[in-house]
There are 2 protein chains.
Amino acid sequence: MPIYRAPLDDFRFVINELLELETLHDLPHFGELSADLVEDILTNAGKFCEEVLQPINQSGDEEGAHFENGVVRTPKGFKEAYRAYCEAGWGSLASSEKFGGAGMPALIALAVAEMANSANQSFAMYPGLTSAAAGALAATGADWMKENVLPKMISGEWAGTMCLTEPHCGTDLRLMKTRAVEQPDGTYRMSGTKIFISGGDQDLTDNIIHMVIAKIPDENGQIHDDLSTVNFFMVPKFLVDETGKMGARNGVSTGGIEKKMGIKAQATCVLNFDDAVAWRLGPKPDKEGEARSASAGMAGMFGMMNTARIGVGIQGVSIAEVAYQNALAYAHERRVGRALTGAADPDKPADLEIVHPDVRRMLLHARSFVEGARAVIMWTALNMAIADSSRPEKNTAGLLADLMTPVIKAFFTDMGFEAANMAMQVYGGHGYIRDNGVEQFVRDGRINQTYEGANGVQAMDLVGRKLGRKGGAAPMALFQTISGWLSENAGDEKLSRYVKPVERGLGVLQQATMWLAQHGMANPNDAGAAATDYLRLMGIVTVGWMWARMAKLAQAKLDAGDSNKPFNNGKLVSARYWMERMIPECPMLFERIQAGSENIMAFE
Amino acid sequence: MPIYRAPLDDFRFVINELLELETLHDLPHFGELSADLVEDILTNAGKFCEEVLQPINQSGDEEGAHFENGVVRTPKGFKEAYRAYCEAGWGSLASSEKFGGAGMPALIALAVAEMANSANQSFAMYPGLTSAAAGALAATGADWMKENVLPKMISGEWAGTMCLTEPHCGTDLRLMKTRAVEQPDGTYRMSGTKIFISGGDQDLTDNIIHMVIAKIPDENGQIHDDLSTVNFFMVPKFLVDETGKMGARNGVSTGGIEKKMGIKAQATCVLNFDDAVAWRLGPKPDKEGEARSASAGMAGMFGMMNTARIGVGIQGVSIAEVAYQNALAYAHERRVGRALTGAADPDKPADLEIVHPDVRRMLLHARSFVEGARAVIMWTALNMAIADSSRPEKNTAGLLADLMTPVIKAFFTDMGFEAANMAMQVYGGHGYIRDNGVEQFVRDGRINQTYEGANGVQAMDLVGRKLGRKGGAAPMALFQTISGWLSENAGDEKLSRYVKPVERGLGVLQQATMWLAQHGMANPNDAGAAATDYLRLMGIVTVGWMWARMAKLAQAKLDAGDSNKPFNNGKLVSARYWMERMIPECPMLFERIQAGSENIMAFE
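Residues numbered from 1 in each chain as written. Chains lettered and ligands numbered in written order. Predicted model: local features only at pLDDT ≥ 70, side-chain atom pairs only at ≥ 80, totals over all residues. Heavy atoms only, no water.

Scanning chain A from N- to C-terminus turns up 18 helices and 11 strands. Since a compact globule built from 604 residues should have a radius of gyration of about 25 Å, the 25 Å found for chain A is in line with a globular shape. Overall size of chain A, expressed as C-alpha extent along the three principal axes, is 80 × 60 × 55 Å. Scored against the burial criterion, the 604 residues of chain A give a buried share of 63%. Of all intrachain contacts in chain A linking residues separated by at least 6 positions in sequence, the fraction that spans at least 24 positions is 74%. If you sum the accessible surface of chain A, you get close to 21,200 Å²; carbon and sulfur atoms cover 52% of it. (Helix = DSSP H or I, 4+ residues; strand = E, 2+ residues; numbered from the N terminus. Rg over C-alpha atoms; globule rule 2.2 N^0.38 Å. Buried < 20%, exposed > 50% of the residue type's maximum accessible area, 1.4 Å probe, protein only. Contact = heavy atoms within 4.5 Å. Areas by Shrake-Rupley, 256 points an atom, 1.4 Å probe, with all protein chains shown as cover.)

So this is what it looks like as C-alpha cells:
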C-alpha cells in the first residue's frame, strides 16, 4: 500500500524562513497570518490528506468513475471525503470572506492543494476546478451571481467547471463551434459540444456551475473561425434564479466520460449543450456594433486559466513528492546486493537498496526537484500577493509571477513526471505491478504535461509572449533579481559552491535570451524550435537560485548550532545536487537553442 | 485506431547498404542470404505484423490476459494469431536447421522481432521467450532434449519461459530460495516460487518448457545466500519422456497473473513449483565434492539473458517506431494555429500541426533515435556473427557486441520511452485517451526499462564489468573502430558536419572512460554514481557514429543522383538532428560524471 506524509517541515521552512512570513503582514490577506495559524492550517490539512484522501486514491484508480444512463458516479468513498473536505473548509481557504471564504492568501491554499494532489490527484481536481471557476465568477459575474451563486461554490455545496475544449480544437480556440444566441430576456441559449471537462458531472454536489466559452453568431447566424466573438458564460447544470434557487434541469447533458491512462477517478466528461440557458459574463460592450464582440468577461477566463496553470505545475510537484516518499521507503526495506565499498549490513544476507549510488541518485533527483520547485511556487505566490499590494516593487512582482507561470506549468510537470518515473524505477519490476501503487503516480502525473495548455504551448507562450512584452521587462526583472542576490552573496566562501553555479546558469540564460531576441525576430521558427529548451533553461536557473537561497539559510542555521541538523544538512545536499547535476544542462540547452530551426523545418 | 507500417525501406538501407550484405557471405548462416531473400522475408513478416498482430494489440490491452480457476487464457485473437505465426515460421527463422529452424542469421530474426514488437509487444513476448529458452536448451540440454524437446519449441508447438525472479529477489539472485533435490534416477525435484514469469502460462501451446534456476541444498538440506550451488534446470509443465512424449501434469502451477501498468495481454505469472520434476542442464561437474556446484549450464542461462537483453533493447526501438508513426500521422491530420511564418494553408481555418517547430522537434527526436538505434542493433548483430566466424577481426567483434549489450538494453529503452512520450505529447489531450492508442505505447514501453535487469543494473554491468575486463579491451576496440572511421573521413568537407560532432563526442567519451578508470578504482561509489550518465554518453556517441556512417551513404547517393531523394534527404536531416541536439549532451554528462559520489552518498 502506498504511503503519504504531508511535508510539513518543508512548508514551515519555506513559508516562515525563506519567505519570512513575519515581514509580510502589510500584504493583502497576510495581516493576521501568524506562523501559528499557518502551522494549524497546514497540520490539519496535511492530516486530512493523509487520513482521508490518500486511502481512497488507489481504490479510486482501480474502480474509476462510472457513467451509466447518462449519470456520473464517483468511486467509493469520494462522496464522504468530499463532504468532509467541504466541512473542514479546505476548498475555501483563499476565497473572499465576503462570500464565505476564509480570506487567506493564495499561498496557503496552494500549499494545501499540493498536499491534496499528492494524496489524491483525481479527488483534488473536483474542488480544484470549483475554485478556479469560482475565482472567474467572482471576477466577472453579475451581482446576483456573486451574492447567490458564488457562496454555494465556495462552500462546496455546488461545484464549478471550465469548459473550453471541443472535439476538433483545444489549443486553437479560434476554431470553436459552440454558439450562444441572445434571447429577449438578456440570457443566451447555448448549443455545442465540449470535451475533456474535468468534473463535468459527478455525484458530489447538487448543482454544477459550468464556466463556458462560446461564440455569438453574426446577424446571419454564422460563426467565424476567429476570436472576435468569443464570450464567457455561466451555464448551470440546474437552472438558478437570481435568488440562487435551483430550478429545472438545464440543457446540459453528459455524453460520456473518457477512458484514460490515469486520473481514472476523475470524471472527464463530454458535455452536450443543447439550447442551454447561459448568462454572459463581464460587462457587455456598450458601443453599437460591438454587441457580439469578445466581452471583458474573457479576461476572467484568462485569469482562471493562469491560476489553473500554476495549479497544474503544483500537481507536477505533488506527484513527484508522493512518488519520492514511496520510493525512499522501498529503498529502505528492499535488500539487494552489497554496497560497492563492502557490506553495509554484514549480518544480513544483503544490504538495503539505499546503499547503491545509482538508487540514491534517482531519489536525490526527485527530492532536489520537489523542494526547489516548491520554493519557486511559494515565491511566485508571494509575488502575486505583492503585485496586489501597494509596495513599490509591485510591478516587478507582477512581471515575475507572470513570467514564472508557464515555467511552473511546463518545467515542473516535466520534472514531476521524470521524478515519478525514477521513483518507479527504484522499485524494479515491482514498480510495474499495479498493487504497489507507484505506477499510478506515473500514469496520473502524465496528464499534467498535457492539459491546461500542453507544455510545448507553454514554451511558446514564454518565448513568444512573455519574453518580449514591455520591452523585455519580465526577463529583465528576473535577471536583476537573481544577479542582485548573487552580488550580495558573492563574498561568502561557504556559499560559493552554490553561488557560482547559479551565476554560470544565469549567464547562459541571459545569453540565450539575447540570442532569442535577435534570432526569433528574424525567423520566428528559430524561437519555436528553441522554446522548449529555453523554458527548461529558465526553470533550471530559477530553481537553482532558490536552492542557493535555501542553502544560505540552512548553512546559517548549521553555523548557529541549530538542533535540526539532518534537515539542514539535507537542504545542503539537495542544493548541491542541483548545482552539480542540473546546472550543467544549461550550456547544453543553449547549444540546442542555437542550432536553430533550419534542420527541423527541413524534416519532411 | 492506431496504425503500423513495417519500416522496410529502412531495413533495406541498413542491411544491404550500411552493413553491405553482399560482402557477408563468408559469415556463418549468411552463405546463401541474398538481398532478394531478405526482401522476401522482411516483406512477408512485415505484412504479417501489420495485418495479423497489430489489429489485436489494442483489443488485447483492453481485454488483458485472464486467470480463472488456475488457468490462463490469452485475449481474443491471440490463439489464431499464434498458430499463424508458427505456421509462417516467424519464430524459427534463426534456429538451427538441424532442429527444424530456417538457419538464418540472428540479424534477420532481430529485424522481424522489431516489427512484431512494434505491432504487438504483449504478443511478441510469447514466442520471444520461447526462442530465448530454446537457445538455452540448445546450448545446455542433453541429446534427447535437443532431439525431442527442442524441435517442438522451435516449431512453436511448445513454448518456453525463463524463470529467475523470486518474490524477494530479482537482481540479487544470491538470495534465491527455490531448491532442487537430486533423485536416485538422476532427475531433481524442485520446490519454490518464481514471479514475473512472462508467458508462464497461456492457452497457445500444449506444453511449456520452463528454464529455471534453483539451488541444490547441502547434505543438511540447507541452501545458502550465495551463488555457489545455483544450477539451471528444465522443468516442463507436462512431463516429457526421452522420446518427447507428453505425460502427466508436472508439479508446476500458476498462482496468479499480475495486474500491470501495461503489456496487459502478456500473462506475467506467479509460478509455484511443488516437488516438480526437473532436469539439470549442462554437464554435471565430475569431481567429487562438486556435485552441487554451479554447473556449466549456468553459462547457458547467461547466454539466454544476453540475447534477451538485446531483445529488450529492440523493444525500446519498436515502441518508439510505432508511437512515432502514429504521432506523425496525427500531426498531418490535426489542424491547430498558424505557422509562425504565416499561414501555410490560408484557405483552411488552421494549419496542420506539423507546421509547428516544437512538434517537428519531438517527431524528429523520435525518428533520429529509432533509425540510429536500429542501425546500432543491426551492426551489433553483425558483430555477433563475425565473432562466430573465422575472420581475423572476430575477437574485436565479440568485444564490441558484448560492450554494446547493456547500452542497447538501457539507452534504447530509456530513449524509446522518451520517444513514446513525445509522440503522445503530439496528440495533446487526446493522447491521454485510451481509444487513441498512443498512451498504450507509453505504458507498454515502460516495462522495457525495468525487466531483464533494470537500466541502472545495466549501467553497473557496463561500468563495473565490461569496461575493465581484459585491460579495457572492449572500450579500446570501440574507440579504435570509431576513430579509425573518423580519420578515414576527416577530409570530406560535406561530411564534416557529422564527422566533427562525433569526434567531439568520442573525445568526451574517452576522457570519461579515463576518469572512471582512475576514480572508479579508488572509490567504487564514484563509478556507481557515474554509471547511468556514462552509459548514456556511450550510447549517444555510438548512435552518432552510426548516423555519420549513414549520412555518408545518403550523401553519396544524393551526389550520384539517386532517385529516392526524400529517403536520402531524410537520413541527412535525422543525422543532423543527432549532431545538433544529442551530441551536446556529451560534455554535460561528463560534467555530471565528474561530480562523483560524495554528495550522493551524503544524502540521508
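On to the relation of the copies chain A and chain B, then. Between the two copies, chain A and chain B, the superposition gives an RMSD of 0.0 Å; the rotation angle is 180° and the shift along the axis is 0.0 Å. Accordingly, the operation relating the two chain copies is best matched by a two-fold axis. Looking at the rotation axis and the C-alpha trace of chain A, the residue lying nearest is Met588(A), at 3.3 Å. When the interface residues of chain A are mapped onto chain B, 100% of them are again interface residues, pointing to one common binding face. (Least-squares fit on C-alpha atoms with pLDDT ≥ 70 in both.)

The next point concerns the domain arrangement of chain A. All names here are of chain A. Annotation of chain A at the domain level lists domain 1 (8-140), domain 2 (158-294) and domain 3 (456-604). Relative placement of domain 1 and domain 3: their C-alpha centres are 30 Å apart. Opposite the 5 residues of domain 1 that make contact, domain 3 presents 7 residues. Of the roughly 670 Å² buried at the junction of domain 1 and domain 3 (both faces included), carbon and sulfur atoms supply 69%. Three residues stand out in domain 1 for area buried against domain 3, namely Phe 13, Glu 17 and Leu 18, and they jointly supply 76% of the buried area on that side. At the junction of domain 1 with domain 3, the criterion picks out 2 salt bridges. (Domains from an automatic or database assignment. Buried area = accessible area lost by both parts, 1.4 Å probe. Salt bridge = Lys/Arg side-chain N within 4 Å of Asp/Glu carboxyl O.)

At the interface, 88 residues of chain A touch 88 residues of chain B. Approximately 7,800 Å² of surface area, both sides summed, lies buried where chain A meets chain B, with 56% of it carried by carbon and sulfur atoms. A per-residue breakdown of the area chain A buries against chain B is headed by Tyr432(A), Arg581(A) and Phe603(A), which together make up 12% of the total. Counting across the chain A and chain B interface gives 10 salt bridges. For Arg581(A), the salt bridge goes to Asp533(B), with nearest N and O atoms at 3.4 Å. One can count 50 residue pairs in polar contact (both at pLDDT 80 or more) joining chain A with chain B. For the side of chain A that touches chain B, the leading source of residues is helix H9 (residues 357-387) of chain A, giving 7 residues. For the side of chain A that touches chain B, the per-class residue count stands at 37 nonpolar, 21 polar and 30 charged. (Polar contact = N/O pair within 3.5 Å; in protein donor to acceptor, adjacent residues only side chain to side chain. Nonpolar A, V, L, I, M, F, W, Y, C, P; charged D, E, K, R; others polar.)

Another aspect to go through is unusual backbone geometry. For Asp275(A), which is not a glycine, the phi torsion comes out positive at approximately 55°. By the element assignment, Asp275(A) lies in strand S11 (residues 268-280). Positive phi is not limited to glycine here, since Asn69(B) has a value of about 50°. The exposed category is assigned to Asn69(B), whose relative accessible area is 79%.

All names here are of chain B. Running from amino to carboxyl end, helix H14 (residues 496-522) crosses helix H17 (residues 585-594) at an angle of 10°, the nearest separation of the two axes being 9 Å. Here H17 runs roughly parallel to H14, going by the angle between their axes. Residue-level contacts link Arg 504, Gly 505, Val 508, Gln 511, Ala 512 and Trp 515 of H14 to Cys 586, Pro 587, Phe 590, Ile 593 and Gln 594 of H17. Considered class by class, the residues forming the contact of H14 with H17 number 7 nonpolar, 3 polar and 1 charged. (Axes fitted to C-alpha atoms, helices over the stretch in contact; angles between N-to-C directions. Parallel < 35°, antiparallel > 145°, perpendicular 65-115°, else oblique.)

Along the chain, Trp279(A) turns up in strand S11. Not counting residues up to four positions away in its chain, the partners in contact with Trp279(A) are Trp144(A), Met145(A), Thr187(A), Phe232(A), Phe233(A), Met234(A), Pro236(A), Leu239(A) and Val240(A).

Residue and element names in this part refer to chain A. Between the first and last C-alpha of helix H10 (residues 394-426) there are 44 Å, a value that for 33 residues agrees with the 48 Å anticipated at 1.5 Å per step. When the local axis directions of H10 are compared, the greatest deviation, roughly 30°, occurs at Met 404, which is followed within four positions by the proline Pro 406. By the criterion of burial, H10 is predominantly enclosed, with 26 of the 33 residues buried. One or two residues past the end of H10 sits Gly 428, with phi positive at roughly 60°. (Expected span 1.5 Å × (residues − 1). Bend = angle between axes of the 7 residues up to and from the residue.)

Looking now at the side chain of Lys466(A). Residue and element names in this part refer to chain A. Summarising the element assignment, Lys 466 is placed in helix H12 (residues 455-466). Separated by 3.3 Å, the side chain of Lys 466 and the backbone oxygen of Asp 402 make a polar contact. Sequence-distant contacts of Lys 466, defined by excluding residues within four places in its chain, comprise Arg 309, Asp 402, Leu 403, Pro 406, Asp 461, Ala 474 and Pro 475.

The subject of this paragraph is the pattern of salt bridges. One pass over the full model with this rule turns up 79 salt bridges over all chains. Between Asp61(A) and Arg434(A) there is a salt bridge, with the nearest N and O atoms lying 2.8 Å from each other. Taken as a pair, Asp61(A) in helix H3 (residues 57-63) and Arg434(A) in the loop between H10 and helix H11 (438-446) lie far apart in primary sequence, 373 residues in all. Residues Asp61(A) and Arg434(A) agree in their burial class; the two are buried. Lys237(B) is the salt-bridge partner of Asp201(B), the closest N and O atoms lying 2.7 Å from each other. Here Lys237(B) lies in the loop between strand S7 (230-236) and strand S8 (238-240) and Asp201(B) lies in the loop between strand S5 (188-198) and strand S6 (207-215), a separation of 36 residues in the sequence. Note on Asp201(B): relative accessible area 3%, which makes it buried. For Lys237(B), a relative accessible area of 9% translates into the label buried. Salt bridges sharing common partners tie together Asp10(A), Glu114(A), Glu321(A), Arg367(A), Glu371(A), Arg374(A) and Lys571(A).

The next point concerns the packing of aromatic side chains. Residue and element names in this part refer to chain B. Overall, the coordinates contain 27 aromatic pairs over all chains when judged by the stated rule. Measuring from centroid to centroid gives 6.4 Å for Tyr 82 and Phe 123, while their planes differ by 55°, and the two rings are tilted. Taken together, the residues span a long stretch of sequence, with Tyr 82 in helix H4 (residues 78-88) and Phe 123 in helix H5 (residues 106-140) at a distance of 41 residues. In terms of burial, Tyr 82 and Phe 123 fall into one category: buried. Seen from their ring centres, Tyr 330 and Tyr 427 are 4.3 Å apart, and the 20° between their planes marks the pair as stacked. (Phe/Tyr/Trp six-rings, centres within 6.5 Å; stacked < 30°, edge-to-face > 60°.)

One pass over the full model with this rule turns up 0 disulfides over all chains. Here Cys269(A) is not cross-linked by a disulfide; its sulfur's nearest cysteine counterpart is in Cys163(A), at 9.4 Å. Judged by relative accessible area, which is 0%, Cys269(A) ranks as buried. No disulfide involves Cys169(B); its sulfur sits 13 Å from that of Cys163(B), the nearest cysteine. Overall, the relative accessible area of 1% leaves Cys169(B) in the buried class. (Disulfide = S-S within 2.5 Å.)

Attention now goes to the packing of H12(A) against helix H15 (residues 524-559) of chain A. Residue and element names in this part refer to chain A. For the pair H12 and H15, interaxial distance at closest approach is 8 Å and the crossing angle is 90°. What the angle tells us is that H12 and H15 run roughly perpendicular. Contact residues: H12 offers Gly 456, Gln 458, Ala 459, Met 460, Leu 462 and Val 463, while H15 offers Ala 527, Gly 528, Ala 531, Thr 532, Tyr 534, Leu 535 and Met 538.

Regular strands place their side chains on alternate faces of the sheet. Taken across its 9 residues, strand S6 (residues 207-215) of chain A has 9 buried, putting it largely inside the fold. Alternating positions in S6(A) separate into two faces, Asn207(A), Ile209(A), Met211(A), Ile213(A) and Lys215(A) on one and Ile208(A), His210(A), Val212(A) and Ala214(A) on the other, with burial throughout.

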